[in-house]
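# Fold and contact review
Given next are the chains, with one letter for each unit.
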Amino acid sequence: MVKELEHINWFDTPNWASNIILGNDDMRYRFKAHWNNRNNSWMISISYDEEVIIQGAQLLLNVDLLQHSHHSLKPNCMLIANTENDNIERINFENMVNGNVKLYHILKEDLDA
């Protein structure tokens, strides 16, 4: 049986923030998404208790947002944007809002399943 991966719910607004649990340690992080009109991309910042984990990272297809973070409070998961639509080559405002692209919250045990 294949486990369905969890994804982060996206809001229909160019700037939003939410407190979400990431990883499997029940730690609640501040997740901020900002649409950047200059380069037509979503920029993501994640913090925990005022400690910046990542700031202004561009959301790209099939790239772990947390891959370059070495902060001790970094969540023990991967955050990867993906789509089942082969025609989507790049993330834009609409395909995140309408759910054609989703930001998946992937735990290590999800990969082992």
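Residues numbered from 1 in each chain as written. Predicted model: local features only at pLDDT ≥ 70, side-chain atom pairs only at ≥ 80, totals over all residues. Heavy atoms only, no water.

## Some points on the environment of W16
Defined as follows: Note on conventions: DSSP H or I runs of at least 4 residues are helices, E runs of at least 2 residues are strands, and numbering of each starts at the N terminus. The buried label applies to any residue whose accessible area, calculated with a 1.4 Å probe on protein chains only, is under 20% of its type's maximum; exposed applies above 50%, and partly exposed to all values in between. Any two residues whose heavy atoms approach within 4.5 Å are treated as being in contact.
For W16, the position within the fold is in strand β2 (residues 15-22). Given the relative accessible area of 8%, W16 is considered buried. Once the C-alpha coordinates of W16 and H34 are considered, the two residues, 18 residues apart in sequence, prove to be 6.7 Å apart. If near-sequence neighbours (up to four positions away) are discounted, W16 is found in contact with I8, N9, W10, F11, F31, K32, A33 and W42.

## Comments concerning the sheet that holds strand β1 (residues 6-8)
Selection rule: When DSSP finds at least two bridges between two strands, those strands are taken to pair. Working convention: axes come from line fits to C-alpha atoms, limited for helices to the stretch in contact. Angles between N-to-C directions cover 0 to 180 degrees.
The strand order across the open sheet formed by three strands is β1-β7-β6, and the pairing between neighbours is antiparallel. Strands with a single pairing partner mark the edges of an open sheet, and in this sheet they are β1 and β6 (78-83). Ignoring strand direction, the axes of neighbouring strands in this sheet form an average angle of 45°. Across six bridges, the pairing between β6 and strand β7 (residues 101-106) is antiparallel. By the bridge assignment for β7, N82 is matched with K102.

## Some details on the packing of aromatic side chains
As a reminder, the rule being used: Note on aromatic pairs: the rings of Phe, Tyr and Trp (six-membered ring only in Trp) are paired at centre separations within 6.5 Å, and the planes decide the class, stacked below 30 degrees, edge-to-face beyond 60, tilted for the rest.
Scanning the model with the defined rule gives nine aromatic pairs in all. A centroid spacing of 5.2 Å and a plane angle of 85° characterise the contact between W10 and W42, whose relative ring orientation is edge-to-face. Taken together, the residues span a long stretch of sequence, with W10 in the loop between β1 and β2 and W42 in strand β4 (residues 41-48) at a distance of 32 residues. Across the pair, W42 and W10 agree in class, each one buried. Joined through ring pairs, the aromatic side chains of W10, F11, W16, F31, W35, W42 and F93 make up one cluster.

## Remarks on the nonpolar core
Operational definition: Among buried residues, the Ala, Val, Leu, Ile, Met, Phe, Trp, Tyr and Cys ones that are joined through side-chain atoms within 4.5 Å form a nonpolar core.
Among the nonpolar cores identified, the biggest contains 29 residues, and W10, F31, W42, I46, L59 and L103 are the most heavily contacted of them. Going through the elements one at a time, β2, β3 (27-36), β4, β5 (51-58), β6, α1 (93-97) and β7 are the ones with two or more residues in this core.

## Section: the sheet that holds β4
Here we have four strands laid out as an open sheet, ordered β2-β3-β4-β5, and antiparallel in their pairing. Edge positions in the open sheet fall to β2 and β5, since each of these has one partner strand only. Strand-to-strand twist in this sheet, taken as the mean axis angle between neighbours without regard to direction, amounts to 20°. Of the pairings in the sheet, the one linking β2 to β3 comprises eight bridges and is antiparallel in character. Considered in β3, the bridge of I21 is made with R28.

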